[in-house]
Amino acid sequence: MTQSATAILRIGTRGSPLALVQARTVRARLAAALGAGEESIELVVIRTSGDTIQDRPLAEEGGKGLFTKEIEEALLDRRIDLAVHSAKDMPTFSQPGLMLAACLEREDPRDVFISRKAKNFVGLPQGATLGTASLRRQAIAKRLRPDLSVVPLRGNVETRLRKLDAGDVDATLLALAGLKRLGLTQHATHIMSVEEFLPAAGQGAIGIEARADDTRTRDILARIDHADTSTAVACERAFLAAIDGSCKTPIGGHATVAGDA
């Protein structure tokens, strides 16, 4: 998508189907808040290192920041005005000059178990193959079923579902929020509770990043920010920062806001 000199805002996003759904959701909210047409807010698709690297674990190359690096560079270079991310993909520490400026209301944060061979973890055959690239999911799965063979499974949601159907793995784990946004919840075999399978920090939330000195964009984003989600995500990210959490550590974290605090 080419950049337009007439756009009132430019949104940076990855080009995966899920990323585009999330970016279009943010664009619609911004257009409504500004009383403008959606066509006046431009989507700028940026290919990231995380999209390019498919043949090895991302932890070996620098981690989940690979899904944000090139987008953040475009933001710092002022080629875009804001960036839309899955909050769980954002590095624990923001780059200098950038900030998580807003979040949309969080979708369901739970993970789902997907298999054509069993209804849940307990029903998987001994030594079954579980496909996931997440260290958090690997660690929890191995704690529940030490006998499972865990292998890396990369790609967007649709790609991973195709690999499952092709028999590359016996089961996989995905975020329910992504399935809901893509209209693919029919593929969920079993939705696991937060207590059963602790989500990643930020899971289910759409995070919107902006330059810290761009008061115009930050003021606009404040109109669509969901305060409780932003508070919970900030708590989860602070938890990761306190324990040095990164994509190289199998850590989950989930905060909720209760009462009138």
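Report on the accompanying structure. Since this is a predicted model, take the numbers as computed values, not measurements.

## Observations concerning the overall build of the protein
The secondary structure content of the protein amounts to eight helices and ten strands. Counting all 261 residues of the protein, 49% fall into the buried class. Expressed as a percentage of contacts within the protein between residues at least 6 apart in sequence, the contacts between residues at least 24 apart total 72%. Of the roughly 12,000 Å² of accessible surface on the protein, 51% is carried by carbon and sulfur atoms.

## Some details on the packing of aromatic side chains
Tallied over the full model, the rule gives two aromatic pairs. For the ring pair phenylalanine 121 and phenylalanine 197, a centre distance of 6.0 Å and an interplane angle of 5° mean the geometry is stacked. Of this pair, phenylalanine 121 sits in the loop between strand E5 (111–115) and strand E6 (129–131) while phenylalanine 197 sits in the loop between strand E9 (190–191) and strand E10 (206–211), and the two are 76 residues apart along the sequence. Every member of this aromatic cluster is reached through a ring pair, and the members are Phe113, Phe121 and Phe197.

## What about the nonpolar core?
Where a protein is soluble and globular, its nonpolar side chains tend to be buried together. By size, the foremost hydrophobic cluster in this structure holds 19 residues, and its most contacted members are Ile11, Val26, Leu30, Leu82, Ile208, Leu221 and Ile224. The set of elements that each furnish at least two residues to this core consists of strand E1 (9–13), helix H1 (17–34), strand E2 (41–45), strand E3 (82–86), strand E4 (98–103), E10 and helix H7 (215–222). Considering each element in turn, this core owes the most residues, four residues, to H1. Among residues more than four places away in sequence, those in contact with leucine 30 are Leu9, Ile11, Ile41, Leu82, Ile220, Leu221 and Ile224.

## A few points about the sheet that holds strand E7 (residues 149–151)
In spatial order, the strands read E7-E6-E8-E5-E9; together these five strands make up an open sheet with mixed pairing. In this open sheet, the two edge strands, each paired with only one partner strand, are E7 and E9. Relative to E7, E6 is paired through three bridges, and the arrangement is parallel. Across the sheet, the residue bridging to leucine 130 is valine 150, located in E7. Taken strand by strand, helix H4 (residues 135–144) contacts E5, E6, E7 and strand E8 (171–175), and its axis lies near 130° from that of E8.

## Quick look at the pattern of salt bridges
Following the criterion strictly, the structure yields 15 salt bridges and no others. In this structure, aspartate 165 and arginine 116 form a salt bridge, with 2.7 Å as the shortest nitrogen-oxygen distance. One end of the pair, aspartate 165, is in helix H5 (residues 157–165); the other, arginine 116, is in the loop between E5 and E6, and 49 residues separate them in sequence. Ionic pairing is found between aspartate 170 and lysine 117, a salt bridge with its closest N-O pair at 2.6 Å. Of the two residues, aspartate 170 is situated in the loop between H5 and E8 and lysine 117 in the loop between E5 and E6; the sequence distance between them amounts to 53 residues. Residue aspartate 170 is classed as buried on the basis of its relative accessible area of 14%. By relative accessible area, which is 55% here, lysine 117 ends up exposed. In the salt-bridge network here, residues are joined through shared partners; they are Asp111, Arg136 and Arg137.

## Thoughts on the pairing of E2
Where burial is concerned, most of E2 is hidden: four out of the five residues are buried. Where E1 and E2 come together, five bridges link them in parallel fashion. Bridging from a neighbouring strand, isoleucine 11 pairs with leucine 43 of E2. Following the backbone out of E1, through H1 and into the adjacent parallel E2, one traces a crossover that is right-handed.

## Examining the sheet that holds E4
One open sheet holds the five strands; their spatial order is E2-E1-E3-E10-E4, and the pairing between them is mixed. Strands at the two margins of the open sheet, each flanked by one partner only, are E2 and E4. If you compare each strand with its neighbour and ignore which way they point, the axes differ by 30° on average. Against the sheet, H1 touches E1, E2, E3 and E10, its axis set at about 160° to E1.

## A closer look at unusual backbone geometry
Its identity is not glycine, yet arginine 78 carries a phi of approximately 65°, on the positive side. Structurally, arginine 78 is set in the loop between helix H3 (69–76) and E3. For arginine 78, a relative accessible area of 45% translates into the label partly exposed.

Parameters at a glance
- Residues numbered from 1 in each chain as written.
- Predicted model: local features only at pLDDT ≥ 70, side-chain atom pairs only at ≥ 80, totals over all residues.
- Heavy atoms only, no water.
- Helix = DSSP H or I, 4+ residues; strand = E, 2+ residues; numbered from the N terminus.
- Buried < 20%, exposed > 50% of the residue type's maximum accessible area, 1.4 Å probe, protein only.
- Contact = heavy atoms within 4.5 Å.
- Areas by Shrake-Rupley, 256 points an atom, 1.4 Å probe, with all protein chains shown as cover.
- Phe/Tyr/Trp six-rings, centres within 6.5 Å; stacked < 30°, edge-to-face > 60°.
- Core = buried A, V, L, I, M, F, W, Y, C linked by side-chain atoms within 4.5 Å.
- Pairing = 2+ DSSP bridges.
- Axes fitted to C-alpha atoms, helices over the stretch in contact; angles between N-to-C directions.
- Salt bridge = Lys/Arg side-chain N within 4 Å of Asp/Glu carboxyl O.
- Right-handed = clockwise from strand over helix to strand, strands pointing away.

Note that all results are geometric; they support no functional claim without further evidence.
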